[in-house]
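# Reading the structure
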Amino acid sequence: MEDMWLKIGEAAGKIYHLLEDGEKNITKLKESLRSEGYNETIVVMAIGWLAREDNIIIIRDGRKWIIRLKNG
């Protein structure tokens, strides 16, 4: 289980850094992290981690979900 927490935490860090360049939709985040070996489930959990820590804003835009940093 500890390895899972580590992987989710690493993915959350990568997402945070991607969002420093501006907002992204969830599909783009999944694609970016897939190339680094993170599956869709880990990405969604990492987004949840960032949301729980109150680091991101999640906006519904039609059929897309847009994620942005709170301080950005």
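Described below are features of the structure shown in this document. Along each chain, the written sequence defines residue order, and numbers are assigned to residues from 1. With the structure being a predicted model, the display of local features is reserved for residues of pLDDT at least 70 and the display and counting of side-chain atom pairs for 80 or more, all residues being used for whole-chain, interface and lining totals. Side-chain numbers here rest on the full set of heavy atoms in the structure, without hydrogens or water.

As a further point, take the packing of aromatic side chains. Aromatic contacts are taken between Phe, Tyr and Trp rings whose centres are within 6.5 Å, Trp giving its six-membered ring; a plane angle under 30 degrees counts as stacked, one over 60 as edge-to-face, and the others as tilted. Counting across every chain of the model gives one aromatic pair. Positioned over the ring face of Tyr38 is Lys7, at 4.8 Å from the centre of the ring. For a Lys NZ or an Arg CZ to count as sitting over a ring, it must be within 6 Å of the ring centre and within 35 degrees of the ring normal.

The next subject is unusual backbone geometry. With the exception of glycine, most residues fall at negative phi, and the peptide bonds are largely trans. The phi dihedral of Asp54 is positive, around 65°, even though this residue is not glycine. Each helix corresponds to a stretch of at least 4 residues labelled H or I by DSSP, and each strand to a stretch of at least 2 residues labelled E; elements are numbered beginning at the N terminus. As for its position among the elements, Asp54 is in the loop between helix 3 (40–52) and strand 2 (56–61). Overall, Asp54 belongs to the partly exposed group, its relative accessible area being 46%. Accessibility here uses a 1.4 Å probe with only protein chains present; expressed as a share of the type maximum, an area under 20% marks a residue as buried, one over 50% as exposed, and anything in between as partly exposed.

This paragraph deals with the pairing of strand 3 (residues 64–69). Along any regular strand, the residues point their side chains to alternate faces of the sheet. Strand pairing requires that DSSP identify at least two bridges connecting the strands. With two bridges connecting them, strand 1 (residues 24–25) and strand 3 associate as antiparallel partners. What sits directly across from Asn25, in strand 3, is Ile66. Hairpin connection, strand 2 to strand 3: the antiparallel pair is bridged by two residues, and Gly62 has positive phi, about 65°.

So, about the side chain of Asn25. With respect to the helices and strands, Asn25 occurs in strand 1. For the purposes of these results, a polar contact is taken to be a pair of N or O atoms within 3.5 Å, where, inside protein, one atom must be able to donate a hydrogen and its partner to accept one; residues adjacent in sequence count only when each atom of the pair is a side-chain atom. A polar side-chain atom of Asn25 sits 2.8 Å from the main-chain amide nitrogen of Lys28. Contact criterion: two residues are considered in contact whenever any of their non-hydrogen atoms come within 4.5 Å of each other. In this structure, Asn25 is in contact with Lys64, Trp65 and Ile66, ignoring residues within four places of it in sequence.

Our focus in this paragraph is the packing of helix 2 (residues 26–34) against helix 3. To get an axis, a line is fitted to the C-alpha atoms, and for a helix only the part in contact is used. The angle between two axes follows their N-to-C directions and goes from 0 to 180 degrees. For the pair helix 2 and helix 3, the least separation of the axes is 9 Å and the interaxial angle reads 125°. Taken as axis vectors, helix 2 and helix 3 run oblique relative to one another. When you trace helix 2 past helix 3, the crossing you get is right-handed. For the pair formed by helix 2 and helix 3, the contact residues are Ile26, Leu29, Lys30 and Leu33 on the first element and Glu40, Val43, Val44 and Ile47 on the second. Following the grouping adopted for this structure description, the nonpolar residues are Ala, Val, Leu, Ile, Met, Phe, Trp, Tyr, Cys and Pro, the charged ones are Asp, Glu, Lys and Arg, and the polar ones are all others, Gly among them. The residue inventory of the contact of helix 2 with helix 3, partitioned by class, reads six nonpolar, no polar and two charged. The cut-offs work like this: below 35 degrees is roughly parallel, past 145 is roughly antiparallel, 65 to 115 is roughly perpendicular, and the gaps in between are oblique. Throughout, a crossing is termed right-handed when the near helix is turned clockwise from the far one, and left-handed when it is turned anticlockwise from it by less than a right angle.

The strands that make up a sheet are held in pairs by hydrogen bonds between backbone atoms, and each pair lies either parallel or antiparallel. On the basis of which strands lie adjacent, the open sheet formed by three strands has the order 1-3-2 and antiparallel pairing. Strands at the two margins of the open sheet, each flanked by one partner only, are strand 1 and strand 2. Helix 3 rests against strand 2 and strand 3 of the sheet, and its axis sits at about 120° to strand 2.

Further remarks concern the nonpolar core. Here, the term nonpolar core denotes a set of buried Ala, Val, Leu, Ile, Met, Phe, Trp, Tyr and Cys residues that are joined through side-chain atoms within 4.5 Å. Ranked by internal contacts, the top residues of the largest apolar core, which has 17 residues, are Ile15, Leu19, Ile47, Ile56 and Ile67. For this core, the secondary structure elements donating two or more residues are helix 1 (2–19), helix 2, helix 3 and strand 3. Those residues within four positions of Ile15 in sequence are excluded, and the remaining contacts are Leu29, Leu33, Val43, Ala46, Ile47 and Leu50.

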